[in-house]
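Here are the chains, one letter per residue:
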Amino acid sequence: SSSSSPSSSASPLSSSSSSSSSSPSLEQWEYPMVAHPKLDAKHNQLMTAGYMPSPLGGLIQYGVFTGDDSDAKKTPHKPFQFRMPGPLPPAIPFMHDMAITEHYTIFVDSSMEFAMPFGEGGTGPILKYNSARNFSFGVVPRFATSEKDIMWFHLDHPMVCNHIANAWEDPNDPDTIIFHAPVTYEAIDIFEHVGYWGKMTEFRLHLPTRTITKHQFDDASSISTEFPRVRDTLIGYPSRYAYTVRHGAQRTNISGLAKWDLYDRKLVAEIDFGPNESTVGLVGEPQFVPRRTPRADHHVDVGKAEKDEAEDEDDGYVLTTTMRPDHSTWLCIYDAKTFSSEPLACVRARERFPFGLHGAWRNLEDL
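I will try to describe carefully the structure that is included in this document. Treat the numbers as computed from the prediction; the structure is a model and nothing was measured.

A few points about the overall build of the chain
Part 1 of the reasoning: From N to C terminus, the chain includes two helices and 24 strands.
Part 2 of the reasoning: Across the 367 residues that make up the chain, the buried fraction comes to 54%.
Part 3 of the reasoning: For the chain, contacts bridging at least 24 residues in sequence account for 61% of all contacts bridging at least 6.
Part 4 of the reasoning: Summed over its atoms, the accessible surface of the chain is roughly 16,300 Å², and 51% of this surface lies on carbon and sulfur atoms.

A word on the environment of Arg292
Part 1 of the reasoning: Note on placement: Arg292 falls in the loop between strand 21 (287-290) and strand 22 (316-323).
Part 2 of the reasoning: A C-alpha to C-alpha distance of 8.3 Å links Arg292 and Asp315, two positions 23 residues apart in sequence.

Points about the state of the cysteines
Part 1 of the reasoning: Applying the stated criterion across every chain, the model contains one disulfide.
Part 2 of the reasoning: For Cys332, the disulfide goes to Cys346, at an S-S distance of 2.3 Å. Here the S-S torsion is close to 110 degrees, and the disulfide linking Cys332 with Cys346 is therefore right-handed. Note that Cys332 is positioned in strand 23 (residues 329-335) and Cys346 in strand 24 (residues 345-348), a separation of 14 residues in sequence.
Part 3 of the reasoning: Given the relative accessible area of 31%, Cys346 is considered partly exposed.

Overview of the sheet that holds strand 5 (residues 92-93)
Part 1 of the reasoning: Pairing is antiparallel in the open sheet, where three strands are placed in the order 5-8-9. Unpaired on one side and paired on the other, strand 5 and strand 9 (127-129) mark the two borders of the sheet.

A short note on the packing of aromatic side chains
Part 1 of the reasoning: All chains considered together, the criterion is met by 13 aromatic pairs.
Part 2 of the reasoning: The interplanar angle of 85 degrees and the centroid separation of 5.6 Å between the aromatic rings of Tyr62 and Phe107 together place this pair among those described as edge-to-face. Linking Tyr62 in strand 3 (residues 59-66) with Phe107 in strand 7 (residues 104-109), this pair joins segments that are 45 residues apart in sequence.
Part 3 of the reasoning: By relative accessible area, which is 0% here, Phe107 ends up buried.
Part 4 of the reasoning: When the centroid spacing of 5.1 Å and the interplanar angle of 75 degrees are considered together, the rings of Phe137 and Phe179 count as edge-to-face. Of this pair, Phe137 sits in strand 10 (residues 136-141) while Phe179 sits in strand 13 (residues 173-183); the two residues are 42 residues apart in sequence, bridging distant segments of the chain.

Side note on the pattern of salt bridges
Part 1 of the reasoning: By the definition in use, this model includes 17 salt bridges.
Part 2 of the reasoning: Residue Glu202 pairs with Arg204 through a salt bridge whose shortest N-O separation is 2.9 Å.
Part 3 of the reasoning: When its relative accessible area of 25% is taken as the criterion, Arg204 is described as partly exposed.
Part 4 of the reasoning: Connected through shared salt-bridge partners, Asp170, Glu202, Arg204 and Arg265 make up one network.

Here we look at the sheet that holds strand 7
Part 1 of the reasoning: With respect to topology, four strands assemble into an open sheet ordered 6-7-10-11, the strand pairing being antiparallel. Pairing within the sheet leaves two strands with one partner each, and these edge strands are strand 6 (98-100) and strand 11 (151-154). For this sheet, the mean inter-axis angle between neighbouring strands, taken without regard to orientation, is 20 degrees.
Part 2 of the reasoning: Here strand 10 pairs with strand 11 via four bridges, running antiparallel. Pairing of Val139 across the sheet is with Met151, part of strand 11.

Thresholds applied
Each chain has its residues counted from 1, following the order in which its sequence is written. Confidence filtering applies because this is a predicted model: local features only for residues at pLDDT of at least 70, side-chain atom pairs given and counted only at 80 or more, and all residues used for totals across whole chains, interfaces and linings. As a rule here, side-chain values cover all heavy atoms of the structure and leave hydrogens and water aside. Starting at the N terminus, helices and strands are each numbered in turn, a helix being any DSSP run of H or I of at least four residues and a strand any DSSP run of E of at least two. Burial classes follow relative accessibility: with a 1.4 Å probe on protein chains only, a residue under 20% of its type's maximum area counts as buried, one over 50% as exposed, and anything between as partly exposed. It only takes one pair of heavy atoms within 4.5 Å for two residues to be counted as in contact. For every accessible area listed, the method is Shrake-Rupley and the probe measures 1.4 Å; residues are considered covered only by the protein chains on display. Throughout, a disulfide means two cysteine sulfur atoms within 2.5 Å of one another. DSSP bridges decide pairing: two strands pair if at least two such bridges lie between them. Stacked, tilted and edge-to-face are the three classes applied to pairs of Phe, Tyr and Trp rings, where Trp contributes its six-membered ring and a pair requires centres within 6.5 Å; stacked means planes under 30 degrees apart, edge-to-face means over 60, and tilted covers the rest. Every case where a carboxyl oxygen of Asp or Glu lies within 4 Å of a side-chain nitrogen of Lys or Arg is listed as a salt bridge. To obtain an axis, a line is fitted to C-alpha atoms, over the contacting stretch when the element is a helix, and the angle between two such axes runs from 0 to 180 degrees between their N-to-C directions.

Given below as structure tokens:
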């Protein structure tokens with residue numbers, strides 16, 4: 001992969017780029033977008049999916065938005081629709097996140113479904129776990145034009161994967177995609193407790209044979225975790241570190257943060273908020289912020305897998321929100337490299353933030 005720095009040109013969703021023949025415009029987009037579109041900072045391309053659950057089973061629309069200088073202009077892309085391969089309606093799969101590599105987009109067909117009728121008239125759960133729905137990965141070339149281009153990988157058991165840490169093409173075998181995420185195999189009720197949170201796991205998808213190999217991280221069996229994030233400029237490319245929230249003993253609060261080594265599949269460090277979780281409350285998704293803004297003469301190279309070249313990947317901060325028992329919200333800043341339990345700063349927000357809020361860091365020059 002090229003080691004050029006991420007593009008600093010116009011956003012893929014800018015008015016000038018959205019009118020390009022290479023990319024759909026927002027006006028052409030038919031469905032509400034999923035919560036986690038993925039931006040390839042190297043190529044200035046945004047991959048996303050639109051999803052509209054319905055009694056007919058829920059069509060999914062996939063598309064690519066490109067920036068002004070994107071090489072995707074050479075490959076015009078028209079959005080297309082498809083359905084997950086699971087049970088036919090009325091089973092409606094819950095699709096929340098997706099992953100990318102430099103050349104592929106990965107969808108997850110989880111064992112979580114929308115309950116029908118929706119929430120039983122407002123009195124029941126919105127989502128349900130279906131143990132009869134086996135998990136599938138769908139891998140599609142980035143500029144595919146038809147659902148016929150999707151390569152499906154099927155597990156022989158149910159599994160839930162709500163959020164994805166990262167994925168990339170193996171530098172030693174481009175036909176293999178490496179995928180990291182917290183997953184669980186248990187029956188769950190996400191509105192009763194957060195005990196569904198998963199164990200950090202690596203999956204390797206071999207494209208020619210459609211086979212899957214799975215490795216659970218060391219120490220993962222004792223730590224339930226969720227909301228994984230990596231350095232944003234490395235989304236879709238080899239990244240050594242991921243940051244997650246970790247689950248508390250009470251199974252209703254989050255007791256801290258965790259830092260994982262995706263190369264060696266192990267836990268690096270934890271930030272523990274102590275045994276009295278009620279003093280902290282709920283902790284939000286961690287967000288990595290680089291210590292220095294990437295410039296032409298200083299950046300973390302995108303697409304390099306060698307461990308010795310990732311030494312500065314964690315040179316920055318981890319930001320997270322804490323929702324405390326008095327209903328106040330605090331933004332806390334930690335050192336991402338040392339991962340010390342002592343925050344560098346905590347600032348009270350003027351407004352209350354909801355639990356599970358997703359966010360992204362942008363420098364002023366990116367806005």
